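# Observations on the three-dimensional arrangement
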Amino acid sequence: MIEIQKNISLKPYNTFAVDVQADFFVEVKDEQDIFYLISTDVFASQPHLILGWWANILFTKNYNGLVIKVSLLGKKVVKQDGNTVYIKAGAWENRHELMMRALKQWYVWGENLVLIPGQVGAAPVGNIGAYGKEAKDIIYEVEGVDLTTKEKKVRTNSDCKFGYRDSIFKQELKNKVIITAVTFVFEKQSTGYVPDIQYNDIQDSIWEQWIDPTEITAQEIANIIISIRENKLPDWTKIGTAGSFFKNPVLTQKQYEKLLVKYPELKWNIVANGIKLSAGQLIELVGYKGKSQWAVGTYVNHALIIVNNGGASGAEIRAFAQAIQKKVLELFWVTLEPEVIVI
Ligand code: EPU
């Protein structure tokens, strides 16, 4: 049975640790709870926000509406087809633990995505990614309750319209679906396993640890990535943060060439729709790496990570982010777009 609470602090429910309140707050633990919730007057009369995305949200004010915490748990193998295994996990399952559990049984392809904070239900929303892999590479299907039709619906990988840190759930279906479970597809590690180890940081670690790249295991890759992340990124349980605050900007060839003349040191990657620059490097070059104002700052080891050093308000964090955007625009004519959802 659900209990709709009033005036609840959202501090424990956002990794930025911003202290704002929600007018109404409810936790749903199964599909029955969801169907009951959507029949209530509070649901019908209030705007609502689905809190699967708590590791990537910045609250700048109190939320005048209903916050829904989707606490569905459970994970199981739903299908096995030769070396391919399909694992379905509830929206509130911890993603990192799921990837590690799969690796323990030699099920690979989640190894590059270890230690990214957050829950299973948020993986398809922002198509989370790191070290050359994205959630879309291992998502088979996404199950949820559509709040408009009030029906349960399963969406295939292509239905989700995945893009760089983007999906249908951030666009036309924003706040219109409660994701209840995600089915991931893994493969048993076999002799034909070709890992994704192109990323510079991974190559450096392989070299330093004298690992033979032709024999590397998925478990070893996970360990390397855990150690890279631990060294470079803050621990959100100790320092408020939502990871990368901005997306890496993608420029046209022409824009990039113009910039290159003045800044040959810029790091770049060719992507499908242009040339991707490193937002972290741009922020460092405008002098914002490790810089703080009020209780907000960028992390000393990574300029793309905005941190709440304790007690910062969401509005202060937003103002700090806007100051960074302004500087980057002035110097590089590049607009940084937040990856974090700002409310
Ligand atoms: N860099 C700097 N200065 C900095 C930070 C980075 O010069 O202060 C340079 C680095 O030297 C490197 C380049 O920028 O050459 C890229 O940095 P990094 O490898 O740390 O990755 P990123 O592009 O900043 C992206 C994702 C991260 C993901 C990493 C690793 C986005 C917005 N961020 O960051 O994802 O973990 O790659 O794959 O795409 C997240 O989305 O929250 C997140 C942490």
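### Notes on the packing of aromatic side chains
- A full pass over the atoms with the stated rule returns ten aromatic pairs.
- Measuring from ring centre to ring centre gives 4.7 Å for Tyr86 and Tyr140, while their planes differ by 65°; the resulting arrangement is edge-to-face. With Tyr86 in strand β7 (residues 84-90) and Tyr140 in strand β11 (residues 139-146), the pair connects residues that are 54 residues apart, well separated along the chain.
- Residue classification places Tyr86 among the buried positions, given a relative accessible area of 10%.
- Given the relative accessible area of 34%, Tyr140 is considered partly exposed.
- Plain terms: the ring middles of Tyr256 and Trp268 are 6.1 Å apart, the flat faces sit at 55° to each other, and that makes the pair tilted. Remark: Trp268 occurs in strand β16 (residues 268-271) and Tyr256 occurs in helix α7 (residues 253-262); sequence separation between them is twelve residues.

### Some remarks on the pairing of strand β17 (residues 274-277)
- Relative to β17, strand β15 (residues 250-251) is paired through two bridges, and the arrangement is antiparallel. Counted as the bridge partner of Val250 is Lys276 from β17.
- Across four bridges, β16 lies against β17 in antiparallel orientation. Across the sheet, the residue bridging to Trp268 is Leu277, located in β17.
- As consecutive antiparallel partners, β16 and β17 are separated by two residues.

Criteria and cut-off values
Residues numbered from 1 in each chain as written. Predicted model: local features only at pLDDT ≥ 70, side-chain atom pairs only at ≥ 80, totals over all residues. Heavy atoms only, no water. Phe/Tyr/Trp six-rings, centres within 6.5 Å; stacked < 30°, edge-to-face > 60°. Helix = DSSP H or I, 4+ residues; strand = E, 2+ residues; numbered from the N terminus. Buried < 20%, exposed > 50% of the residue type's maximum accessible area, 1.4 Å probe, protein only. Pairing = 2+ DSSP bridges.

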